[in-house]
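Single-letter residue listing:
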Amino acid sequence: MTELLTERSARVAAARRLTRRAGRDAAGLFLAEGRQAVSEALATAPDDVREVFATEAAAAGAADLLAGTAVPLRLVTEKAAAGLSETVTPQGLVAVCALRDVPAGRLVGAPPRLSVALAGLNDPGNAGTVLRTADACGAGAVVFGAGSADPYGGKAVRSSAGSLFHVDVVRGAELAELLPAVRAAGVTVLAADGGGEASLDGLGEALAGPVLWLFGNEARGVPDELAALADARVRIPMRGRAESLNLAAAAAICLYATQLAQG
């Protein structure tokens, strides 16, 4: 019988440090919890998966995912698995993966047709949701500006539902430098702004691409100094009585409209 690793084992203790940003940055690794995240990691970036921790029950339930991989599987106790989770109900299946950061310069040298930049986004759930939406709409990259939530935190990874492994991720970018550079490279930069001078449904060919959408903090929006660097501040026309849209909803509408315009 295989001996189960406990919460005291060196491997589990090292992995547990990845639940904090400082630990992730120091090790260059992060945790992807749950069947969806582990499945996407193994399918999309198997060389970046260092090991998988699983309870006996979780390993049995994911036998189809794990059978054909050369990634080491470490069986752990329920308590050890709980220490690697940031949820109330741990799923018992966690992959240790290499950080997927790419340099901001990639957006200048080879701009995607659609990309997203986030200025001061605080909520990790929103971070993951925007990643997932960007992926669904065909975006090639999501930029997390300096001071934004860490896309490799547990809640963000879960909210991305595996999309973290599908798009390029840029962290800690100085947007005041990046935005002029991508505009000079031929990218149209659009800042989402409820009071913007341009209406989303009137942009026409401006959405044809390449386009970078800039979204701001959940409460304060895009800082004025960054919005001033965009080609336009864009509002979403609302014909109902809602006062405003939350960030995730606004991002979904803007990115879907761009997807349609780009064909």
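Predicted, not measured: the structure shown is a model, and the values here were computed from it. (Residues numbered from 1 in each chain as written. Predicted model: local features only at pLDDT ≥ 70, side-chain atom pairs only at ≥ 80, totals over all residues. Heavy atoms only, no water.)

Description of the overall build of the protein
Right, so step 1: Summing up its helical and strand segments, the protein has 12 helices and 11 strands in all.
Right, so step 2: Scaling as 2.2 N^0.38, a compact globule of 263 residues should have a C-alpha radius of gyration of about 18 Å, and the protein matches this with 20 Å.
Right, so step 3: Projected onto its principal axes, the C-alpha coordinates of the protein cover approximately 65 × 40 × 35 Å.
Right, so step 4: Relative to its full complement of 263 residues, the protein shows a buried share of 49%.
Right, so step 5: Across the protein, contacts joining residues at least 24 apart in sequence account for 77% of those joining residues at least 6 apart.
Right, so step 6: When the accessible area of the protein is evaluated, it comes to approximately 12,000 Å², of which 50% is carbon and sulfur surface.
Right, so step 7: Averaged over its 24 positive side-chain charges, the protein has a centre that lies 3 Å from the centre of its 28 negative ones. (Helix = DSSP H or I, 4+ residues; strand = E, 2+ residues; numbered from the N terminus. Rg over C-alpha atoms; globule rule 2.2 N^0.38 Å. Buried < 20%, exposed > 50% of the residue type's maximum accessible area, 1.4 Å probe, protein only. Contact = heavy atoms within 4.5 Å. Areas by Shrake-Rupley, 256 points an atom, 1.4 Å probe, with all protein chains shown as cover. Lys, Arg positive; Asp, Glu negative; His and termini not counted. Charge placed at Lys NZ, Arg CZ, Asp CG, Glu CD.)

Some remarks on the packing of helix 8 (residues 124–136) against helix 12 (residues 247–262)
Right, so step 1: Between helix 8 and helix 12, whose axes approach to 9 Å, the crossing angle comes to 15°. The angle between helix 8 and helix 12 falls in the class roughly parallel. The crossing of helix 8 and helix 12 is right-handed. Between helix 8 and helix 12, the contacting residues are N126, T129, V130, T133, A134 and A136 on the first element and L247, A248, A251, A252, L255 and Q259 on the second.
Right, so step 2: Grouping the amino acids of the contact of helix 8 with helix 12 by side-chain chemistry returns 8 nonpolar, 4 polar and no charged. (Axes fitted to C-alpha atoms, helices over the stretch in contact; angles between N-to-C directions. Parallel < 35°, antiparallel > 145°, perpendicular 65-115°, else oblique. Left-handed = near helix turned anticlockwise from the far one by under 90°. Nonpolar A, V, L, I, M, F, W, Y, C, P; charged D, E, K, R; others polar.)

Quick look at the nonpolar core
Right, so step 1: Formed by 55 residues in total, the largest nonpolar core has its most connected members in W213 and F215.
Right, so step 2: The element that contributes the greatest number of residues to this core is helix 12, accounting for 5 residues.
Right, so step 3: With residues up to four places along the chain from it excluded, the contact list for F215 reads V116, A117, L118, A119, A192, V222, L247, A250, A251 and C254.
Right, so step 4: Core analysis: the next-biggest nonpolar cluster, separate from the first, contains 21 residues, V102, A119, L179 and L212 among them. (Core = buried A, V, L, I, M, F, W, Y, C linked by side-chain atoms within 4.5 Å.)

Details of the sheet that holds strand 11 (residues 232–235)
Right, so step 1: Reading across the sheet, the 7 strands line up as 7-6-5-10-8-11-9 and stay open at both edges, with parallel pairing between neighbours. In the strand order of this sheet, the two ends are held by strand 7 (168–173) and strand 9 (198–199), each with one partner.
Right, so step 2: Note: strand 8 (residues 188–192) against strand 10 (residues 211–215), 4 bridges, orientation parallel. Bridge pairing in strand 10 places V189 opposite L212.
Right, so step 3: Across the sheet, helix 8 is in contact with strand 5 (114–118), strand 6 (141–145) and strand 7; its angle to strand 6 comes to roughly 155°.
Right, so step 4: Contacting strand 5 and strand 10, helix 12 runs over the sheet at an angle of about 170° to strand 10. (Pairing = 2+ DSSP bridges.)

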